[in-house]
Amino acid sequence: RCESSILSVTYIPTGSKVQSTNMLVVSHSDNYIRFYDVSTRYQLTNTLKVKKAFVVPESQTVIRWASEHQRLFAASRSGVVSVIHPDDPNPVGRERIHNSAITDMIIHGGLMFTSSIDSHITCTDLNKGVVKFAIASGLSHQQGVFHLGVSDQNQQLFSVGLEPYVLVHSLTNSKMKP
């Protein structure tokens, strides 16, 4: 049983092309990513048992499973995104995307959208491995961006900060202000 705080969670579904399927993947504040097998039917009072754990260099504030890439994407408190194969503890790749903690990440249609306390939103083309665009603090939230949403056709990106409103960013017209 782990005593550290849970920072983020994702699920690797059955049918994925990796060995670690039907797993709940949890990022903890003690610099571990732990895998919990959820194939057993649990009662409400049961505690999941850790099947394996990977040590990571720092806390991962966001973790997401990307089915189309068959990889885990983990975002750190220092702005680094790591790509992790769930059957190998060594990251496939690491890249600094932000200058401070990443608060949310969406992987959708070959694109990765990340938000950060630094008030920036970044869109990375995962197929080409390049940053496609970034929305700077002047066009974003002033006190950090904490959650993201994206429309089905990647036409609109929604962001939420500490302000009492949602910003809508056009992804088809880059000159349109939120």
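Small disclaimer: the values here were computed from a predicted structure and weren't measured.

Visitor: What exactly am I supposed to notice about the overall build of the protein here?
Guide: The helix and strand tally for the protein stands at 0 helices and 15 strands. Scored against the burial criterion, the 178 residues of the protein give a buried share of 46%. Here the contacts in the protein between residues at least 6 apart in sequence split such that 34% fall between residues at least 24 apart. Total accessible area on the protein is roughly 9,700 Å²; 50% of this is exposed by carbon and sulfur atoms.

Visitor: Would you take a moment to explain unusual backbone geometry for this structure?
Guide: Glycine aside, a negative phi is what most residues show, and trans is what most peptide bonds show. Located in the positive-phi region is asparagine 22, a residue other than glycine, with phi close to 55°. Within the fold, asparagine 22 resides in the loop between strand E1 (6-12) and strand E2 (23-28). For asparagine 22, a relative accessible area of 16% corresponds to the buried category. With a phi angle near 70°, asparagine 31 is a residue other than glycine that sits in the positive phi range.

Visitor: Explain the packing of aromatic side chains to me, please; I cannot follow it from the model alone.
Guide: Geometrically, a pair of aromatic rings is defined through the distance of the ring centres and the angle of the planes. Under the criterion given, the structure shown has 1 aromatic pair. Here lysine 52 stacks its cationic end above the ring of phenylalanine 35, 4.8 Å away from the centre of that ring.

Visitor: How should the sheet that holds strand E9 (residues 102-108) be read in this particular structure?
Guide: By definition, the strands of a sheet pair up through backbone hydrogen bonds, in either a parallel or an antiparallel sense. Strand order in the open sheet made by the 4 strands is E9-E10-E11-E12, with antiparallel pairing throughout. Each edge of the open sheet carries a strand with a single partner, namely E9 and strand E12 (130-135). Sheet twist, expressed as the average angle between the axes of neighbouring strands with direction ignored, equals 20°. Here E9 runs beside strand E10 (residues 111-116); their pairing, made up of 6 bridges, is antiparallel. Considered in E10, the bridge of isoleucine 107 is made with methionine 112.

Visitor: Can you walk me through the side chain of serine 100 in this structure?
Guide: Examined against the element boundaries, serine 100 turns out to sit in the loop between strand E8 (93-96) and E9. A distance of 3.2 Å separates a polar atom in the side chain of serine 100 from a polar atom in the side chain of serine 116. When neighbours within four sequence positions are excluded, serine 100 is seen to be in contact with Arg77, Ser78, Gly79, Ser116, Ile117 and Asp118.

Visitor: What should I look at first to understand the nonpolar core in this one?
Guide: Grouped together as the largest cluster of nonpolar side chains are 13 residues, with contacts concentrated most on Ile12, Val25, Ile33, Phe35, Ile63, Leu72 and Ile84. Those elements that provide at least two residues to this core are E2, strand E3 (32-37), strand E5 (60-66) and strand E6 (71-76). Excluding anything up to four places from it in sequence, valine 25 contacts Ser8, Val9, Thr10, Ile12, Ile33, Arg34, Phe35, Ile63 and Leu72. In terms of nonpolar packing, the next biggest core, distinct from the first, is built from 11 residues, Ala66, Val81, Ile102 and Leu126 among them.

Visitor: How should I be thinking about the side chain of serine 20 in this particular structure?
Guide: Of note, serine 20 is situated in the loop between E1 and E2. At 2.6 Å, the side chain of serine 20 forms a polar contact with the side chain of lysine 52. One polar contact links the side chain of serine 20 to the main-chain carbonyl oxygen of proline 86, over a distance of 3.5 Å. In this structure serine 20 touches Ile12, Lys52, Pro86 and Asp87, once residues within four positions along its chain are discounted.

Visitor: When you look at the pattern of salt bridges in this model, what are you seeing that I'm missing?
Guide: Note on pairing: side chains with opposite charge can pair once their charged atoms come close. Summed over the entire model, instances satisfying the criterion amount to 3 salt bridges. Two residues, aspartate 30 and arginine 34, come together in a salt bridge whose shortest N-O distance is 2.8 Å. According to the relative accessible area criterion, aspartate 30 is partly exposed, its value standing at 29%. A salt bridge links lysine 52 to aspartate 87, with the shortest nitrogen-to-oxygen separation between them at 3.7 Å. One end of the pair, lysine 52, is in strand E4 (residues 50-55); the other, aspartate 87, is in the loop between strand E7 (80-84) and E8, and 35 residues separate them in sequence. By relative accessible area, aspartate 87 is classed as partly exposed at 28%.

The rules we used
- Residues numbered from 1 in each chain as written.
- Predicted model: local features only at pLDDT ≥ 70, side-chain atom pairs only at ≥ 80, totals over all residues.
- Heavy atoms only, no water.
- Helix = DSSP H or I, 4+ residues; strand = E, 2+ residues; numbered from the N terminus.
- Buried < 20%, exposed > 50% of the residue type's maximum accessible area, 1.4 Å probe, protein only.
- Contact = heavy atoms within 4.5 Å.
- Areas by Shrake-Rupley, 256 points an atom, 1.4 Å probe, with all protein chains shown as cover.
- Phe/Tyr/Trp six-rings, centres within 6.5 Å; stacked < 30°, edge-to-face > 60°.
- Lys NZ or Arg CZ within 6 Å of the ring centre and 35° of its normal.
- Pairing = 2+ DSSP bridges.
- Axes fitted to C-alpha atoms, helices over the stretch in contact; angles between N-to-C directions.
- Polar contact = N/O pair within 3.5 Å; in protein donor to acceptor, adjacent residues only side chain to side chain.
- Core = buried A, V, L, I, M, F, W, Y, C linked by side-chain atoms within 4.5 Å.
- Salt bridge = Lys/Arg side-chain N within 4 Å of Asp/Glu carboxyl O.

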